[in-house]
Amino acid sequence: LGILASGYGNNFECIIKSIQSKQLNAEISILIVNNPNCLAIKKAIKYKIPYVIINHRDCQTRLEHDMLVLKKLEDLSVELIVMAGWMRIVGEELINRYINRLINIHPSLLPSFKGINAIQQAIDERVTITGCTVHYVQKEVDSGSIIIQAAVPIQDNDSKETLKQRIQKMEHIILPLAIAKVAKDIRTSFKDNK
Ligand code: GAR
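Thresholds, definitions, all that
- Residues numbered from 1 in each chain as written.
- Predicted model: local features only at pLDDT ≥ 70, side-chain atom pairs only at ≥ 80, totals over all residues.
- Heavy atoms only, no water.
- Helix = DSSP H or I, 4+ residues; strand = E, 2+ residues; numbered from the N terminus.
- Rg over C-alpha atoms; globule rule 2.2 N^0.38 Å.
- Contact = heavy atoms within 4.5 Å.
- 1 Å grid on protein atoms, 1.4 Å probe; cavity = no way out; pocket = protein on both sides within 12 Å on 5 of 7 lines; lining within 4 Å.
- Points joined across faces, edges and corners; volume = space filled by probe spheres on them.
- Expected span 1.5 Å × (residues − 1).
- Buried < 20%, exposed > 50% of the residue type's maximum accessible area, 1.4 Å probe, protein only.
- Pairing = 2+ DSSP bridges.
- Axes fitted to C-alpha atoms, helices over the stretch in contact; angles between N-to-C directions.
- Core = buried A, V, L, I, M, F, W, Y, C linked by side-chain atoms within 4.5 Å.
- Patch = residues over 30% accessible without salt bridge, like charges linked within 9 Å, V, L, I, M, F, W, Y side chains within 5 Å.
- Areas by Shrake-Rupley, 256 points an atom, 1.4 Å probe, with all protein chains shown as cover.
- Salt bridge = Lys/Arg side-chain N within 4 Å of Asp/Glu carboxyl O.
- Right-handed = clockwise from strand over helix to strand, strands pointing away.
- Near = heavy atom within 4 Å.
- Polar contact = N/O pair within 3.5 Å; in protein donor to acceptor, adjacent residues only side chain to side chain.
- Arc of directions from axis to C-beta.

Enquirer: How would you explain the overall build of the protein if you had to name every residue and give the values?
Expert: Along its length, the protein carries six helices and seven strands. Its C-alpha radius of gyration of 16 Å places the protein within 12% of the 16 Å reference for a compact globule of 194 residues. Along the longest, intermediate and shortest principal axes, the C-alpha atoms of the protein span 50 × 40 × 35 Å. Considering only contacts within the protein whose residues lie at least 6 apart along the sequence, 61% involve residues at least 24 apart.

So, in structure tokens, the structure goes:
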């Protein structure tokens with residue numbers, strides 16, 4: 001696995017724990033972060049996972065950044081990329097090299113509430129059920145085929161923070177399940193192509 005993260009790294013940590021507990025048969029080759037202050041780095045250090053900072057601010061274009069990320073992943077023969085709180089749009093060059101092998105987790109029941117602030121969007125729309133989605137990444141943001149979803153009811157007294165906590169609890173359940181499912185599909189397609 002190659003993990004891409006921009007934030008706290010709780011989803012990254014849940015993947016690590018699923019591997020440690022043998023719920024998930026996988027190996028993390030690298031954590032790539034796009035900003036030097038990303039707290040996921042601390043988790044990488046704690047669990048002794050190799051990491052690299054590829055700062056998008058050092059790149060002139062999105063393509064240049066994508067290509068640096070892609071090169072790192074390909075150099076390490078990463079088979080599946082997991083965007084675990086990755087707050088950057090990636091372009092077609094990267095997406096096309098990892099078709100059916102690039103997945104993202106998003107804090108809403110897609111196709112509702114795409115883009116940033118998905119949790120606040122759900123609160124503002126006064127929906128009574130939201131959730132989280134793991135999906136394949138395609139060019140249109142938050143639009144690829146859905147792999148697995150979990151529903152989370154919104155309670156009357158929910159703040160953004162309390163709702164986020166319950167959504168993330170569900171994220172940590174569905175992300176390892178989605179990785180296992182996609183990994184199985186990748187293994188099957190490798191065998192079929194032999
Ligand atoms: C997660 O809730 C994830 O769904 C969201 O960022 C959070 C990262 O948390 N991702 C997006 O909004 C992507 N559009 P983490 O850094 O603690 O894993």
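Resuming the write-up.
Enquirer: Explain the layout of surface pockets to me, and be specific about the residues and the numbers.
Expert: Roughly 870 Å³ of volume is contained in the largest pocket. Lining the largest pocket are 35 residues; nearest its centre among them are Gly85, Trp86, Met87, Ile105 and Pro107. Contributions of two or more residues to the lining of the largest pocket are made by helix 1 (10-20), strand 5 (102-106), helix 5 (118-124) and helix 6 (160-192). By volume, the second largest pocket amounts to about 240 Å³.

Enquirer: Can you explain helix 6? Please cite residues and give values.
Expert: Along its 33 residues, helix 6 runs 46 Å from first to last C-alpha, staying within 8% of the 48 Å computed at 1.5 Å per residue. Residues of helix 6 that are buried include every one of Leu163, Ile167, Glu171, Ile174, Leu175, Pro176, Ala178, Ile179, Val182, Ala183 and Ile186, and no others.

Enquirer: Residues and numbers for the sheet that holds strand 3 (residues 51-53), please.
Expert: Ordered by their spatial adjacency, seven strands build an open sheet running 3-2-1-4-5-6-7, and the pairing between neighbours is mixed. Edge strands, defined here as strands with exactly one partner in the open sheet, are strand 3 and strand 7 (146-153). This sheet shows a mean twist of 15 degrees between the axes of neighbouring strands, independent of strand direction. Two elements, strand 1 (residues 2-5) and strand 4 (residues 81-83), share three bridges in a ladder whose sense is parallel. Among the inter-strand pairings, isoleucine 3 is bridged to a residue of strand 4, identified as valine 82. Sheet contacts for helix 3 (residues 62-75): strand 1, strand 2 (30-33), strand 3 and strand 4; angle to strand 2, the most-contacted strand, approximately 175 degrees.

Enquirer: Can you break down the nonpolar core residue by residue, with the values?
Expert: Membership of the largest hydrophobic core comes to 41 residues, with the highest contact counts inside it found for Ile3, Phe12, Ile15, Val82, Ile103 and Ile179. Every residue in contact with isoleucine 3, bar those within four places of it in the chain, is listed here: Phe12, Ile15, Ile28, Ile30, Leu31, Ile32, Val82 and Ala84. Core analysis: the next-biggest nonpolar cluster, separate from the first, contains 17 residues, Val69, Ile81, Val90 and Tyr98 among them.

Enquirer: An account of a nonpolar patch on the surface is needed here, citing residue identities and associated values.
Expert: A surface patch of nonpolar side chains, amounting to about 270 Å² of accessible area, comprises Ile45, Tyr51 and Ile53. For isoleucine 45, the location among the structural elements is in helix 2 (residues 40-46).

Enquirer: I'd like a description of the pairing of strand 1, backed by residues and values.
Expert: Burial along strand 1 is two-sided: Gly2 and Leu4 and Ile3 and Ala5, pointing in opposite directions, are all buried. Across four bridges, the pairing between strand 1 and strand 2 is parallel. Bridged to leucine 4 within strand 2 is isoleucine 32. After leaving strand 1, the chain enters helix 1 and then returns to the sheet as strand 2, a path that is right-handed.

Enquirer: Tell me about the site of the ligand, and name the residues and values.
Expert: Gly7, Tyr8, Gly9, Asn10, Asn11, Gly85, Met87, Ile105, His106, Pro107, Gln168 and Glu171 make up every residue found near the ligand. The contact in question runs from an oxygen atom of the ligand to an N or O atom on the backbone of asparagine 11, over 2.9 Å. One of the side-chain nitrogen or oxygen atoms of glutamate 171 is found 2.5 Å away from an oxygen atom of the ligand. Starting from 450 Å² of accessible surface for the ligand in isolation, the protein chains cover 89%.

Enquirer: If you had to explain helix 3 to someone new, which residues and values would you point to?
Expert: Here helix 3 contains 14 residues, and its C-alpha end-to-end distance of 20 Å stays within 8% of the 20 Å for a straight helix at 1.5 Å per residue. Regarding helix 3, the residues found buried are His65, Asp66, Val69, Leu70 and Leu73. What you see down the axis of helix 3 is that its buried residues fit within an arc of 130 degrees, all on one side. Looking at the residues trailing helix 3, positive phi occurs at serine 77, about 55 degrees.

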